[in-house]
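# Structure at a glance
Okay, here's what each chain looks like letter by letter:
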Amino acid sequence: MGVGVSIFFLTLGAILKFAISDDVLGDDISIDTIGLIFMIVGGAGVVLSLVLAPRRGITSEDRLMHRENQPPPDA
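Residues numbered from 1 in each chain as written. Predicted model: local features only at pLDDT ≥ 70, side-chain atom pairs only at ≥ 80, totals over all residues. Heavy atoms only, no water.

### Remarks on the environment of Ile15
To keep things clear, this is the line we draw: Labels follow the DSSP assignment, with helices taken as runs of H or I lasting at least four residues and strands as runs of E lasting at least two, numbered in each case from the N terminus.
With respect to the secondary-structure elements, Ile15 resides in helix α1 (residues 3–19). Sequence-wise, Ile15 and Phe38 are 23 residues apart; in three dimensions their C-alpha atoms are separated by 10.0 Å.

Take a look at the structure:
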């Protein structure tokens, strides 16, 4: 999960937690709890993305090509 998706989950969780009233979906579903879960998942995603990002950039591949100035042999 990238930083962008994590920020999306944080934003969605904050909207569900603070901007939508509890009685939208009835008494069976708690919008506050769903919003809190989204904010926790988004926060964990941001932290993991920032911790694991330097490890992705370390890997590199160096190639050495050796060419000689000889024409290819005739078949």
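### Here we look at a negative patch on the surface
Threshold: Within this analysis, patches are made of residues with over 30% relative accessible area and no salt bridge. Like charges are joined at 9 Å or less; nonpolar side chains (Val, Leu, Ile, Met, Phe, Trp, Tyr) at 5 Å or less. Accessible areas in this description were obtained via Shrake-Rupley with a 1.4 Å probe; residue shielding takes into account the shown protein chains only. The salt bridge definition used is simple: a Lys or Arg side-chain nitrogen within 4 Å of an Asp or Glu carboxyl oxygen. Only four residue types enter the tally: Lys and Arg on the positive side, Asp and Glu on the negative side, with His and both chain ends excluded. For charged residues, the charge sits on one atom: NZ in Lys, CZ in Arg, CG in Asp, CD in Glu. Summary of the burial criterion: residues with accessible area below 20% of their type's maximum are buried, those above 50% are exposed, and those between are partly exposed, where the area comes from a 1.4 Å probe applied to protein chains only.
Residues Asp22, Asp23, Asp27 and Asp28 make up a contiguous surface patch of negative charge. Mapping Asp22 onto the fold places it in the loop between α1 and α2 (31–58). On the accessibility criterion, Asp22 (47% relative accessible area) is partly exposed.

### Looking at the side chain of Ser49
For the record, the criterion: Pairing of N or O atoms within 3.5 Å defines a polar contact, subject to two protein rules: one partner must be a possible hydrogen donor and the other a possible acceptor, and residues neighboring in sequence count only if both atoms are side-chain atoms.
Looking at the secondary structure, you find Ser49 in helix α2. Owing to a relative accessible area of 6%, Ser49 belongs among the buried residues under this scheme. Of note is the side chain of Ser49, whose polar atom sits 2.8 Å from the backbone oxygen of Gly45.

### Details of the environment of Leu16
By secondary structure assignment, the location of Leu16 is in helix α1. Taking C-alpha positions, Leu16 is 8.1 Å from Leu36, a pair spaced 20 residues apart along the chain.

### Description of a nonpolar patch on the surface
Together, Val47, Leu48, Val51 and Leu52 line one region of the surface with nonpolar side chains, adding up to about 350 Å² of accessible area. Looking at the secondary structure, you find Leu52 in helix α2. Assessed through its relative accessible area of 39%, Leu52 is described here as partly exposed.

### A look at the packing of aromatic side chains
This is how the line gets drawn: Geometry of aromatic contacts follows a simple scheme: Phe, Tyr and Trp rings, the Trp one being its six-membered ring, pair when their centres are within 6.5 Å, and the pair is stacked under 30 degrees between planes, edge-to-face over 60, tilted otherwise.
Within this structure, the stated rule accounts for two aromatic pairs. Ring centres of Phe8 and Phe9 lie 6.0 Å apart, and the angle between their planes is 55°; on these two criteria the pair is classed as tilted. Aromatic pair Phe9 and Phe38: ring centres 5.5 Å apart, planes at 15°, arrangement stacked. Separated by 29 residues along the polypeptide, Phe9 in helix α1 and Phe38 in helix α2 bring together distant segments of the chain.

### Thoughts on α1
A turn of α-helix holds 3.6 residues, and therefore any two residues three or four places apart point the same way. Threshold: A helix is expected to span 1.5 Å multiplied by its residue count minus one. Directions pointing from the helix axis toward each C-beta atom define the arc.
Taking 1.5 Å of rise per residue, 17 residues should cover 24 Å, and α1 covers 23 Å from first to last C-alpha, within 8% of that figure. All of the buried residues along α1 are Ser6, Gly13 and Leu16. For α1, the angular spread of buried residues about the axis comes to 95°, placing them on one side. Every exposed residue of α1 that faces more than 90 degrees away from the buried side is listed here: Gly4, Phe8, Phe18 and Ala19.

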